[in-house]
Amino acid sequence: MYKVLLVDDERIILDGISQMVDWKAYRTELAGTAQNGIQAYEKIVRESPDIVVCDIRMPGLDGLELVAKTYASHPHIKFVLLSGYGEFEYANRAMQYGVKHYLLKPTDEVKIGGALKEVTDELTLNENKESFIQEMKGRLRKVLPHVKEQVLKEFVTNKTYGRHDLEEYRSLFETNFDQPVRLLLFQLEGIVEYEHQFAVKNIAEDLLDTTLLSTTIGQHVLVLIENQKDQQRLHQQLQDIRCTFKQYYKMDVTIAISDPGPVTLARKLYRDTLQCLNYRFYLDESGMITTEDTLHAGGLEGTFVLDEERLCMPVRSGHRNEAELALTEFVQELKRAQLSIEMTKSYIIQQYVSLIRLTDPDQMQERYARIPEIAEMSTLQAIQAVLEETVREITLRNFEQNKVKYNAIVRKVVEIIEEQLGNSELTLNLVANDMLYMNADYLGKLFKKETGEKFSNYVMKLRMKRATEMMASDPDIKIFEMAERLGFGDNPQYFSQVFKKQIGCTPSEYMKKSD
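Note that the coordinates shown come from a computational prediction; the quantities given were computed from them, not determined experimentally.

**Q** Sorry if this is basic, but what is going on with the overall build of the protein here?
**A** Assigned secondary structure in the protein consists of 21 helices and ten strands. The C-alpha radius of gyration computed for the protein amounts to 48 Å, which surpasses the reference 24 Å derived for 515 residues by more than 25%, pointing to a less compact arrangement than a globule. The dimensions of the protein, computed from C-alpha atoms along their principal axes, are 155 × 60 × 40 Å. Burial status across the protein gives 44% buried among its 515 residues. For the protein, the exposed area adds up to about 28000 Å²; of that, 50% sits on carbon and sulfur atoms. With 64 positive and 79 negative side-chain charges, the protein shows a spacing of 2 Å between the two charge centroids.

**Q** Would you explain the pattern of salt bridges in this entry?
**A** When their charged atoms lie close together, side chains carrying opposite charge are able to pair. Scanning the entire structure with this criterion turns up 22 salt bridges. Residue K201 is joined to E205 by a salt bridge in which the shortest nitrogen-to-oxygen separation is 3.1 Å. Here K201 pairs with E205, and both are found in helix α7 (residues 194–207), just four residues apart, close to one helical turn. By relative accessible area, E205 is classed as partly exposed at 29%. Measuring nitrogen to oxygen at the nearest pair gives 2.8 Å for the salt bridge that ties R320 to E324. Here E324 and R320 lie together in helix α11 (residues 320–337), a separation of four residues that amounts to about one turn.

**Q** Before we go on, may I ask you to explain a negative patch on the surface in this structure?
**A** A grouping of D474, D476, E481, E484 and D490 is seen on the molecular surface, where their side chains present a negatively charged patch. Relative to the elements of secondary structure, D474 occurs in the loop between α18 (455–473) and α19 (479–485).

**Q** Just to check I follow, could you spell out a nonpolar patch on the surface for this structure?
**A** A surface patch of nonpolar side chains, amounting to about 260 Å² of accessible area, comprises F132, I133 and M136. Along the chain, the position of I133 falls in helix α5 (residues 109–157).

**Q** Sorry if this is basic, but what is going on with the sheet that holds strand β1 (residues 2–7) here?
**A** For sheets, the rule is that strands pair by backbone hydrogen bonds, running either parallel or antiparallel. Within the open sheet, the five strands sit side by side as β2-β1-β3-β4-β5. Their pairing is parallel. If you trace the sheet from one side to the other, it starts and ends with β2 (28–34) and β5 (101–104), each paired once. Ignoring which end each strand starts from, the neighbouring axes of this sheet average 20 degrees apart. Across four bridges, the pairing between strand β4 (residues 78–83) and β5 is parallel. Across the sheet, residue S83 finds its bridge partner in β5, namely L104.

**Q** Got a minute to help me understand the pairing of strand β9 (residues 252–257) in this structure?
**A** Burial analysis of β9 places five of its six residues in the buried class, the great majority of the element. Bridging between strand β6 (residues 181–189) and β9 involves six bridges; their strand directions are antiparallel. Within the sheet, the bridge partner assigned to E189 lies in β9 and is D252. Bridge count for β9 against strand β10 (residues 288–290) is three bridges, and the pairing is parallel. Paired with I255 across the two strands is M288, which belongs to β10.

About the criteria used
Residues numbered from 1 in each chain as written. Predicted model: local features only at pLDDT ≥ 70, side-chain atom pairs only at ≥ 80, totals over all residues. Heavy atoms only, no water. Helix = DSSP H or I, 4+ residues; strand = E, 2+ residues; numbered from the N terminus. Rg over C-alpha atoms; globule rule 2.2 N^0.38 Å. Buried < 20%, exposed > 50% of the residue type's maximum accessible area, 1.4 Å probe, protein only. Areas by Shrake-Rupley, 256 points an atom, 1.4 Å probe, with all protein chains shown as cover. Lys, Arg positive; Asp, Glu negative; His and termini not counted. Charge placed at Lys NZ, Arg CZ, Asp CG, Glu CD. Salt bridge = Lys/Arg side-chain N within 4 Å of Asp/Glu carboxyl O. Patch = residues over 30% accessible without salt bridge, like charges linked within 9 Å, V, L, I, M, F, W, Y side chains within 5 Å. Pairing = 2+ DSSP bridges. Axes fitted to C-alpha atoms, helices over the stretch in contact; angles between N-to-C directions.

Structure below.
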């Protein structure tokens, strides 16, 4: 039912039309009446009728003025004007406001009914048109995200797409494609399902404030954004995306970032990001890689020299801190060299094999079985975790096994020092090479670890201690005698210098204090 407002300054006409017309027969209802234009406009504002049947000549605000005022505020309201014979030409001025129906007074139900039918048919047609348009817009809104996804796919994969195609979509997407753009390529690490891609895509769209288009290709998520001058802010946003996704799905994401460029080069930007992903093997825990990160990739084999013993020696001796440091340096050197991934993995496997040879024979087969797993790992960080675990376990085992042996060796060195204290040729090399047949560097590190002193410092302190004991037992002992008996040979002056440095005074001063 359409609501009708009836307006006439003559009460008899107002009542006559109200009762004469079968309003329901014309799909209308009489919503109210008014006797002048001012009163009528107040009801139009308050009740918003669909149709106004109005006399032209009224005091205060005439019919034509009411039409003009209503058209300005409620342009959808339709008017049927009632006029006398001499006013018909005057009423034609209302045509500029869309008024199409004029009835000459006196009128009857048939004429009014005919006008109402035409108006209601017109209103119904307009409603149907509007409903159809809104339905089409709704369908477009639903399909538009899929259209955007497909357009981005075509731009990065179809070399025939160019600026002409872009112009066709500009107004549809309401997007500014004139600014430089960047392409972000998200690689999910693990078993990927569509839900994961959908989540990353939506998180990225929410957290990135310059997104233009986004889509998925294979197991990758692509996001096209306007280039941001504040790169630090962009990197922070990307880290927020990674953290948010990992919080819900416990999966990591690697993000390749293209250089800025025009959107017409989107296909090249896509290829660049794919190339970046080939080198995510060398990524650290930041999970982001740019074209700059790959500039030094593919170095020469000669830029890296594998020294297996640098890591194996502390592992073999059970020195965990030194082993962990050596492993960190090994990985850092591989990162700096940026060899091909295959060459890097070959060096890693060589180092791994040299390590597992230091373990128990019953565990060796199990550790050998991990070599194919290492070869298939996609990042250096993942391989490093395996090496760290291997180094930690083997070093601990060797530490426990060598503890007793170390103590025995160090005790033997201490015995030799005490026996050879008067030998001016007593050195670490002499003890290691000529007496214990060991590597001098290794023995020196072992001795310091167990005693807390370097070999030479230990010998010198022990000699000074013996000197004080000699002076205490024989106050008349000569300085040159002590120097000769404590391994300083015929150089008592050097003995005095060392004594003062260690004890704080010369031997002569020390003997005077003891008197």
